[in-house]
Amino acid sequence: MKRLEQEPTMVEEPKKTKYDRQLRIWGELGQTSLETASICLLNCGPTGSEALKNLVLGGIGSITIVDGSKVQIGDLGNNFMVDAKSVGQSKAKCVCGFLQELNDAVKANFIEENPDTLILKDPSFFSQFTLVVATQLVEDSMVKLDRICREANVMLVFARSYGLTGFVRISVKEHTAIESKPDHFLDDLRLNNPWPELKRFVETIDLNVAEPAAHKHIPYIVILVKVAEEWAQTHNSNLPSTREEKNEFKALVKSKMLSPDEDNYREATEAAFKVFAPRGISQDTQDIINDSCAEVGPNSSDFWLMVAALKEFISNEGGGEVPLEGSIPDMTSSTEHYINLQNIYYSKAEADFLSMEQRVKDILVKVGQDPSSISKPTIKSFCKNARKLKVCRYRMIEDEFRTPSVAALHKCLADEEYRSAIGFYILLRAVDRFAATYQKFPGQLDDGLMDHDVAQLKTIALSLLREMGCDGYMVEEELSNEMCRFGAAELHVVAAFIGGITSQEVIKLITKQFVPMSGTYIFNGIDHKSQSLTL
Amino acid sequence: MADLDVPQSKSRDLDKLLLRHGNLVDPGFFPGPQLRDDIREFVKILVVGAGGLGCELLKDLALSGFRNLDVIDMDRIEVTNLNRQFLFRLEDVGKPKAEVAAKRVMERVSGVEIVPHFSRIEDKEVEFYNDFNIIALGLDSIEARKYINGIACGFLEYNDDDTPVRDTIKPMVDGGTEGFKGHARVIMPGVTPCFECTIWLFPPQVKFPLCTLAETPRNAAHCIEYAHLIKWDEVHKGKSFDPDVPEHMKWVYDEAIRRAELFGIPGVTYSLTQGVVKNIIPAIASTNAIISAACALETLKIVSACSKTLTNYLTYNGGEGLYTKVTDFPRLDDCLVCGPGILIELDTSITLSKFIEMLEDHPKLLLSKASVTYGESNLYMQAPPVLEEMLRENLSKPLYDLMGRVQKDTIHVSGTSLKDKEKQSIQTKLRVVFKGADVVTDMDTAIGA
């Protein structure tokens, strides 16, 4: 049985070639979702500009820059997108012009307006966007914008650069990813639970074949299924569970080796652990199918509708397992055995998919939706990735501020590895409170008031800690002093780093591939011991 | 926010870091306008590579107070660069990367001088690299990193107590990216591990067993590599395969399809063929921006001491959530590249010829066809023939005499090493100590060579 995929044409379109290196990561579908997305950027200092630059280079659909400031001489020292000619002009206009040159396929607009004002005066402005990148906002504006975007179901990413520190924080009610593409994930071979067709195929192969070449080209899947069966016969139909049993099993596999150069048997011994693995679904999968969103209704998203189908599948024809992923890793084998195995795995995956497809259709009808509204390719991808689904949820900023997890806070404050990160987290909030009172950030001006600023900042930090239920803790002296030294400086390298992280998260959110960060990422440019804090 | 009636300075933000005292700073931090101005006027940074990392590095360094930059890159701009190498436009395709990159940054950041070098790193004199305070690497190959590492560590000298001589330490900042992953590291030769000290960090390249390619292919990559590595030579005797020639690539693709059809293997596409043959690494703007920024930040910190430095290796992964980790890798005291050199004890009677023989059998070296230099002088060179002939008479002389009868000193040897089962040409230092030699304390009483 041959399943050959041929390329219809080899003509290299310029657009496709330009994006070649990134298409190899997120594919055509990912690229399309980027090209149809509209992004709003608030404040185009270096942090926002650098974040947007990376998105524009990648072919984002459209950008709208909101910034009311004029280019100052100081901006020439930290922002690549303004130059000497732009001093005195609208910063939004200049940055927009530069970005447009970077990629003429992107629709670039700007609005000369202070984002804080816009947030107050015209909240409905944000509903038109796929995602808002909000940079260098103070707490008060962050909270307001967060409410607006949650209400309008617009994705939101906050980013801030402050001296040698800064943060990135996603704020989205729920983000689901089917193609989470983890780096390392166990293959789905079902060596611990072979289905009838696989067993039948394995039966047709004799491990004790005389011819040496044939003996060493039997794929390890066959070897392990056979040895597992042999073991089960003499162990009451059980699989190896204790340490001794596992070692015995491996020895049994090894005993069938005829000579030390038989790579297939070496691979079988190394892969023996796949036989010992517990059957059924992982805790992660369990959590997802037990999530309250899996109780679907007419407003359920495609993701949850498919999860509902998955839940049914697992308890019925799945026999406690998810749909088979369908691919097998490369292994020492004759071409013929390998291709036959591939076909067997492919067929079962295909059969599982057809069951799932039917269940999805039935559920769609049940909730009053068009049964064809979820496409075949989508369901197929869901089945292939059933073990790797990801659900991310983010607290609203004001909730995190009002009721941070005290347990998590105490843990961080007591942990050497987290202390600087939590220190900066608190200081980043403290400086905004300082600014609200004193109309400047601590240490921002060379006004001879550094000592006063330091003292006030420390007081504010202490009161914040108290509010957060962390009486008795302090932010390290040195950190508070450094924070005042930073004086709200927006250094290009820090902005480029933070902007880079921001753009990467935006891409993951829009393509719905890979896994977005969780919590608040606190950047520590002093020793690079940055941390993500989920409060 | 606040009203500022003071005249604006371009370095408004950097000044906060360079002009103000700090707490978590390196020893040797002297904040003030002098520091800022000295960086501008005197510090020279070399950026190696003008690609994904290089473009970002040039921008980052230009906007971090550096005015004297050089950039070296032997490549020309290609269309596939444009999704991340933001200094290049479609109309620049075909032009040298180093030249266009330098020009673009100078256009936007006034005051910065960038000297482009459109050449291979091997074509520069070793002394060229000594001109710079710091070398920032934006490379995409292990070989290139090894090369620069060898050069930078070659400048390193050691005191008698095996501590590095501070003025000879040539810091390097090295970045690398692949998809959503990357790393940034600080290399202070003699202090932190050099590239060679941590060579084990780099996984060996995927090589398919020959019998798989020849007899039992199972997937598309096998078919492609068969066409590329086996069939090409069979059919095109003598003509070497060039992945940049479209006809060559198409030939491999067609052959791969034929083989795949023969074995019933799916999945051969033109894109995959290119990927496998050229070993294409997927690349995006964001990861390059992140890693370069980290490298540039460290460069600024090393030069100015305005904050503590990364100690010493940052691992980054942005695909599964966000993961950064700092590891303090240790140096290898006996590193062949950044160490004081392997200690070799010799009798004063050993001839240069015998010494060269010994190098072949030395377990840590396995160096054959060695050439030997001592300080400025060549003691023996295997090539070119003219030089070899001139120096041949040294072979029968005692090494002790050739080295001016010093009790111990450093010499350099180069040749072909069979270590790690692969032949490679290496250059390394050796510390030679002569047993039974009179310890000479006064130059006047030294028995002249």
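What counts and how
- Residues numbered from 1 in each chain as written.
- Chains lettered and ligands numbered in written order.
- Predicted model: local features only at pLDDT ≥ 70, side-chain atom pairs only at ≥ 80, totals over all residues.
- Heavy atoms only, no water.
- Helix = DSSP H or I, 4+ residues; strand = E, 2+ residues; numbered from the N terminus.
- Buried < 20%, exposed > 50% of the residue type's maximum accessible area, 1.4 Å probe, protein only.
- Areas by Shrake-Rupley, 256 points an atom, 1.4 Å probe, with all protein chains shown as cover.
- Polar contact = N/O pair within 3.5 Å; in protein donor to acceptor, adjacent residues only side chain to side chain.
- Contact = heavy atoms within 4.5 Å.
- Buried area = accessible area lost by both parts, 1.4 Å probe.
- Salt bridge = Lys/Arg side-chain N within 4 Å of Asp/Glu carboxyl O.
- Nonpolar A, V, L, I, M, F, W, Y, C, P; charged D, E, K, R; others polar.
- Phe/Tyr/Trp six-rings, centres within 6.5 Å; stacked < 30°, edge-to-face > 60°.
- Pairing = 2+ DSSP bridges.
- Axes fitted to C-alpha atoms, helices over the stretch in contact; angles between N-to-C directions.
- Domains from an automatic or database assignment.

Caption draft 1: Highlighting the overall build of chain B. On a plain count of helices and strands, chain B comes out with 14 helices and 13 strands. The dimensions of chain B, computed from C-alpha atoms along their principal axes, are 80 × 75 × 40 Å. Out of the 449 residues belonging to chain B, those deemed buried represent 53%. Summed over all atoms, the accessible surface of chain B reaches about 20800 Å², with 52% contributed by carbon and sulfur.

Caption draft 2: Structural detail: the side chain of S180 of chain A. All names here are of chain A. Inspection of the secondary structure assignment puts S180 in the loop between β7 (174-177) and α7 (196-203). Side-chain polar atoms of S180 contact the backbone oxygen of K388, separated by 2.6 Å. Filtering out sequence-adjacent residues up to four positions away, S180 remains in contact with K388, K390, F514 and V515.

Caption draft 3: Region of the structure containing the interface of chain B and chain A. Counting residues at the interface gives 90 residues for chain B, matched by 96 residues for chain A. Counting each side, the surface lost to burial between chain B and chain A is near 7900 Å², with a carbon and sulfur contribution of 59%. Our count for the contact surface shared by chain B and chain A stands at 7 salt bridges. Salt-bridge contacts for D330 of chain A lead to R218 of chain B; the nearest nitrogen and oxygen are separated by 2.5 Å. Looking at the side of chain B that touches chain A, the elements that each hand over two or more residues are α1 (12-18), α3 (52-62), α4 (97-108), α9 (246-263), α10 (270-278), α11 (285-304), β7 (313-317) and β8 (323-327) of chain B. Residue contributions to the side of chain B that touches chain A peak at 10 residues, all from α11 of chain B. Of the residues assigned to the side of chain B that touches chain A, the class counts are 43 nonpolar, 26 polar and 21 charged.

Caption draft 4: Structural view of the pattern of salt bridges. Taken as a whole and assessed by the stated rule, the structure comprises 66 salt bridges over all chains. Residue D471 of chain A is joined to R466 of chain A by a salt bridge in which the shortest nitrogen-to-oxygen separation is 3.9 Å. When the shortest N-O distance is used, the salt bridge between R36 of chain B and D15 of chain B registers 2.9 Å. Of the two residues, R36 of chain B is situated in helix α2 (residues 33-42) and D15 of chain B in helix α1; the sequence distance between them amounts to 21 residues. As far as the burial class goes, R36 of chain B and D15 of chain B line up, both buried. Overlapping salt bridges, with partners in common, bring together E50 and K53 of chain A together with E56, K59 and D60 of chain B in one network.

Caption draft 5: Focus on the packing of aromatic side chains. What the rule picks out here adds up to 22 aromatic pairs over all chains. The interplanar angle of 65 degrees and the centroid separation of 5.0 Å between the aromatic rings of Y400 of chain B and F434 of chain B together place this pair among those described as edge-to-face. Remark: F434 of chain B occurs in strand β13 (residues 424-435) and Y400 of chain B occurs in helix α14 (residues 399-402); sequence separation between them is 34 residues. By the ring-pair criterion, three or more aromatic residues cluster together here, those being F80 and F98 of chain A together with F86 of chain B.

Caption draft 6: Region of interest: the sheet that holds strand β3 (residues 107-111) of chain A. Residues and elements named next belong to chain A. A sheet is described by the order of its strands in space; here 8 strands give the open sequence β3-β2-β1-β4-β5-β6-β9-β10, paired in mixed fashion. Of all strands in the sheet, those with a lone pairing partner are β3 and β10 (531-533), marking the two edges. Averaged over all neighbouring strand pairs, the angle between strand axes comes to 15 degrees, with direction disregarded. As paired elements, strand β9 (residues 520-524) and β10 share 3 bridges and run antiparallel to each other. For Y521, the partnering residue across the bridge sits in β10 and is S532. Its contacts with the sheet place helix α4 (residues 91-102) against β2 (62-66) and β3, and it is angled at close to 175 degrees to β3.

Caption draft 7: The arrangement of the side chain of N103 of chain A in detail. Residues and elements named next belong to chain A. Secondary-structure assignment places N103 in the loop between α4 and β3. The exposure class of N103 is buried, given its relative accessible area of 1%. For N103, the side chain forms a polar contact with the side chain of K18, separated by 3.4 Å. A distance of 3.0 Å separates a polar side-chain atom of N103 from the backbone nitrogen of A105. Look past the residues within four positions of N103 in its chain and what remains in contact with it is K18, Y19, V56, L57 and G59.

Caption draft 8: How the structure looks around the environment of C153 of chain B. Residues and elements named next belong to chain B. Along the chain, the position of C153 falls in helix α6 (residues 142-154). Residue class for C153 comes out buried when judged on its relative accessible area of 0%. In this structure, the C-alpha to C-alpha distance between C153 and V337, residues 184 residues apart in sequence, is 6.3 Å.

Caption draft 9: Looking closely at the domain arrangement of chain A. All names here are of chain A. On domain assignment, one finds that chain A holds domain 1 (2-180 + 492-533), domain 2 (196-276), domain 3 (283-392) and domain 4 (397-486). Computed from C-alpha atoms alone, the centre-to-centre distance between domain 1 and domain 4 is 27 Å. Listed by partner, the interface residues are 25 residues for domain 1 and 20 residues for domain 4. Of the roughly 2100 Å² buried between domain 1 and domain 4 on both sides combined, carbon and sulfur atoms contribute 64%. Ranking the residues of domain 1 by area buried against domain 4 places E139, Y162 and L533 at the top, with a combined share of 31%. Applying the counting rule to domain 1 against domain 4 returns 4 salt bridges. With its nearest N and O atoms 2.6 Å apart, the salt bridge here joins E400 to R169. For the pair domain 1 and domain 4, the number of links is 7 residue pairs in polar contact (both at pLDDT 80 or more). Taken together, the elements giving at least two residues each to the side of domain 1 that touches domain 4 come down to α6 (139-152), β5 (155-162), β6 (165-171), β9 and β10.

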